[in-house]
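Each chain, letter by letter, is given below.
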Amino acid sequence: MDEYVVVIETGYKLGAATHKISATEPLPQVEASRLFLELMDGMHADLLPAKADTTYLEISPTEFMRIHRLMGGVVVMDRVTLARVH
């Protein structure tokens, strides 16, 4: 049976090294896919904290980005990817 992980990258800002990268333990495909979709729906604040003024962009069926604009025009990007373990 294939295993999948959900990789969560948060806090990307131009000119700043403040981002964080985390990943789940390997999960069965159904469980990992459910977690991925729940993250896209704004659930699991422990993994991807909620932010106001946020736009979700579905890049592919296995990747989405979240863009958040801070005061002063600073843009922060988060990316979540569902990936099969090889």
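For every chain, the first residue of the written sequence is number 1, and numbering continues from 1 along that sequence. Per-residue local features are limited, in this predicted model, to residues with pLDDT of at least 70; the limit for side-chain atom pairs, both in listing and counting, is 80 or more; totals at the level of whole chains, interfaces and linings are taken over all residues. With hydrogens and water excluded, all non-hydrogen atoms of the structure serve as input to the side-chain values.

This brings us to the packing of aromatic side chains. Pairing of aromatic rings covers Phe, Tyr and Trp, the last counted by its six-membered ring, and requires centre-to-centre distances within 6.5 Å; plane angles under 30 degrees mean stacked, over 60 mean edge-to-face, and any other angle means tilted. What the rule picks out here adds up to two aromatic pairs. An angle of 40 degrees between the planes, with centres 5.8 Å apart, marks the rings of Tyr56 and Phe64 as tilted. For each residue, the accessible area found with a 1.4 Å probe, counting protein chains only, is set against the maximum for its type, and the residue is called buried under 20%, exposed over 50%, and partly exposed in between. The class of Phe64 is buried, set by a relative accessible area of 1%. By the ring-pair criterion, three or more aromatic residues cluster together here, those being Phe36, Tyr56 and Phe64.

The subject of this paragraph is the pairing of strand 4 (residues 54-60). Pairing between two strands requires that DSSP report at least two bridges joining them. Under the scheme used here, helices are H or I runs from DSSP no shorter than 4 residues and strands are E runs no shorter than 2 residues, and both carry numbers assigned from the N terminus. The pairing of strand 4 with strand 5 (residues 63-69) spans six bridges and is classified as antiparallel. Directly across from Thr55, in strand 5, lies its bridge partner Ile67. As consecutive antiparallel partners, strand 4 and strand 5 are separated by two residues.

For the rest of this paragraph, the subject is the pairing of strand 2 (residues 20-23). The sheet contact formed by strand 1 (residues 3-13) and strand 2 spans four bridges and is antiparallel. Bridge pairing in strand 2 places Val7 opposite Ala23. Hairpin geometry of strand 1 and strand 2 is characterised by an intervening segment of six residues between the two adjacent antiparallel strands and by a positive phi of about 75 degrees at Gly15.

Right, let's talk about the pattern of salt bridges for a bit. Should a side-chain nitrogen of Lys or Arg be within 4 Å of a carboxyl oxygen of Asp or Glu, the pair is scored as a salt bridge. Evaluated as defined, the whole model comprises four salt bridges. Where Asp78 meets Lys51, a salt bridge forms, and the shortest distance between an N and an O atom there is 3.4 Å. Residue Asp78 is found in strand 6 (residues 75-84), and its partner Lys51 is found in the loop between helix 1 (29-40) and strand 4; the two are separated by 27 residues along the sequence. Note on Asp78: relative accessible area 1%, which makes it buried. One salt bridge in this structure joins Arg79 and Glu63, with 3.8 Å as the shortest N-O distance. Taken as a pair, Arg79 in strand 6 and Glu63 in strand 5 lie far apart in primary sequence, 16 residues in all. Overall, Arg79 belongs to the partly exposed group, its relative accessible area being 24%. Each of Glu9, Glu63 and Arg79 takes part in salt bridges that share partners, so that together they form one network.

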